[in-house]
Amino acid sequence: AEKGKTDHPALLHGKYELGRMLGHGTFAKVYHARHVTTGKSVAMKVVGKEKVIRVGMMEQIQREISVMNMVKHPNIVELHEVMASKSKIYFAMELVRGGELFSKVVQGRLKEDLARVYFQQLVSAVDFCHSRGVYHRDLKPENLLLDEDGNLKVTDFGLSAFSEHLKQDGLLYTTSDIWSCGVILYVLLAGFLPFQDDNLVAMYRKIYRGDYKCPPWFSSEARRLITKLLDPNPNSRITISKIRDSSWFKKSIPKTVRTK
Ligand code: ADP
Ligand code: MG
């Protein structure tokens, strides 16, 4: 679809006016929308039902709904309501206006003090979810948004799962979210990915060997933490409470650091 134009009803559920597109991912498009009676702006995530049925994702959508309702946290995008038309499912979410953290990194790597602010907020969101048996499983810079005050907000719970099924899974998802936090921290500090290879097989080999190098500008504390986060062995990988205890994480943030 052409950017800015939509094929949705002008007034969604008699409640929301749809505006411009804010972004898109693998399955969804996200639009600016306004609740007409309150005037409140929201982000409207739209998923085509044909996509849902074709990919067999209805269950996943249901999970996304319950997950987002379960996890209310200052660093997690809040879900307001879910609606459906004949062909589409609509998620009215908290509008996050500062764009993707990813686009900030594209402009250039971050100083360690600023990266620390984002990383602390990310870990706080992930810890909160894990303590409720909720795992994100798709943590990456594109799913990390910034609000007007420069605070980080995690979005896109499309792939998350609950631990109830198997204890084993819960452990696996915990450690894989922690590994993803390691990749994110690396990207913030480096400005590029730790495991990059045009050849996918070669990239996977690098991942499970833990084959990456920290650029010379990383501090020794940052290196130490990243080594523990990107430990290829999930059984020896650092835990969230140990992350919080690490010297890099605990280092106080100078008052001069502004996220805005
Ligand atoms: P998908 O499940 O298809 O990956 P996402 O939920 O990740 O969809 O949303 C796609 C993009 O839309 C995001 O990368 C982001 O740029 C934008 N977006 C998502 N949620 C919001 C929001 N609450 N506020 C503002 N922009 C958002
Ligand atoms: Mg996404």
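Predicted, not measured: the structure shown is a model, and the values here were computed from it.

About the thresholds
Residues numbered from 1 in each chain as written. Chains lettered and ligands numbered in written order. Predicted model: local features only at pLDDT ≥ 70, side-chain atom pairs only at ≥ 80, totals over all residues. UniProt positions renumbered as here; feature names shortened; annotations may be inferred. Helix = DSSP H or I, 4+ residues; strand = E, 2+ residues; numbered from the N terminus. Buried ≥ 20, exposed ≤ 12 C-beta atoms within 10 Å, placed from the backbone. Contact = placed C-beta atoms within 7 Å. Near = placed C-beta within 6 Å. Nonpolar A, V, L, I, M, F, W, Y, C, P; charged D, E, K, R; others polar. Pairing = 2+ DSSP bridges. Arc of directions from axis to C-beta. Core = buried A, V, L, I, M, F, W, Y, C linked by C-beta atoms within 7 Å.

### Some words on the UniProt feature "binding site: ATP" (unreviewed entry) in the protein
In step 1: Under the local residue numbering, the UniProt record ascribes the feature "binding site: ATP" (unreviewed entry) to Lys49.
In step 2: Among the secondary structure elements, Lys49 is positioned in helix 1 (residues 49-55).
In step 3: Take Lys49: there are 16 C-beta atoms within 10 Å of it, and that puts it in the partly exposed class.
In step 4: If we ignore the near neighbours within four places in the chain, the residues touching Lys49 are Ser87, Lys88 and Ile89.

### Quick notes on the site of ligand 1
In step 1: Close to ligand 1 lie 22 residues; Gly23, Gly25, Val30, Ala43 and Asp156 are nearest.
In step 2: Secondary structure elements with two or more residues in the shell around ligand 1: strand 2 (16-24), strand 3 (28-35), strand 4 (41-48) and strand 6 (88-94).
In step 3: The element that contributes the greatest number of residues to the shell around ligand 1 is strand 2, accounting for 3 residues.
In step 4: Of the residues contributing to the shell around ligand 1, the split by class is 10 nonpolar, 7 polar and 5 charged.

### Details of the pairing of strand 2
In step 1: Relative to strand 2, strand 1 (residues 11-12) runs antiparallel, the two being bridged by 2 bridges. Residue pairing in the sheet places Leu12 in a bridge with Tyr16 of strand 2.
In step 2: Counted along the chain from strand 1 to the antiparallel partner strand 2, the turn is 3 residues long, and its residue His13 has a positive phi close to 55°.
In step 3: Pairing analysis gives 6 bridges linking strand 2 to strand 3, with the strands arranged antiparallel. Following the sheet pairing, Gly23 is matched in strand 3 by Val30.
In step 4: The turn joining strand 2 and strand 3, which pair antiparallel and follow one another in sequence, is formed by 3 residues.

### Observations regarding helix 7 (residues 220-229)
In step 1: Every buried residue of helix 7 is accounted for by Ala222, Leu225, Ile226 and Leu229. Down the axis of helix 7, the buried set is contained in an arc of 100°. They therefore lie on one face.

### A closer look at the environment of Leu172
In step 1: Locating Leu172 in the fold gives a position in helix 5 (residues 167-190).
In step 2: A count of 15 C-beta atoms within 10 Å places Leu172 in the partly exposed class.
In step 3: Between the C-alpha atoms of Leu172 and Arg137, which are 35 residues apart in sequence, the distance is 9.9 Å.

### Considerations on the nonpolar core
In step 1: Counting 60 residues, the largest nonpolar core has Met44, Leu122, Leu185 and Leu188 as the members making the most contacts within it.
In step 2: No other element matches the 11 residues that helix 5 contributes to this core.
In step 3: Discounting chain neighbours no more than four positions away, the residues touching Leu122 are Leu144, Leu152, Cys181 and Ile184.

### A look at the sheet that holds strand 5 (residues 79-84)
In step 1: With antiparallel pairing, the 6 strands of this open sheet are ordered in space as 1-2-3-4-6-5. Edge positions in the open sheet fall to strand 1 and strand 5, since each of these has one partner strand only.
In step 2: Direction of pairing for strand 5 relative to strand 6: antiparallel, over a ladder of 5 bridges. Paired with Val82 across the two strands is Phe91, which belongs to strand 6.

### Some remarks on the pairing of strand 3
In step 1: The pairing of strand 3 with strand 4 spans 7 bridges and is antiparallel. When the sheet's bridge partners are listed, Ala33 is paired in strand 4 with Val42.
In step 2: Between strand 3 and the antiparallel strand that follows it, strand 4, lie 5 residues; Gly39 among them carries a positive phi value of about 80°.

### Observations regarding the environment of Asn235
In step 1: Relative to the helices and strands, Asn235 is located in the loop between helix 7 and helix 8 (240-245).
In step 2: In this structure Asn235 comes out as exposed when scored by C-beta crowding, with 7 C-beta atoms within 10 Å.
In step 3: Through-space distance from the C-alpha of Asn235 to that of Val183 is 18 Å; in sequence the pair is 52 residues apart.

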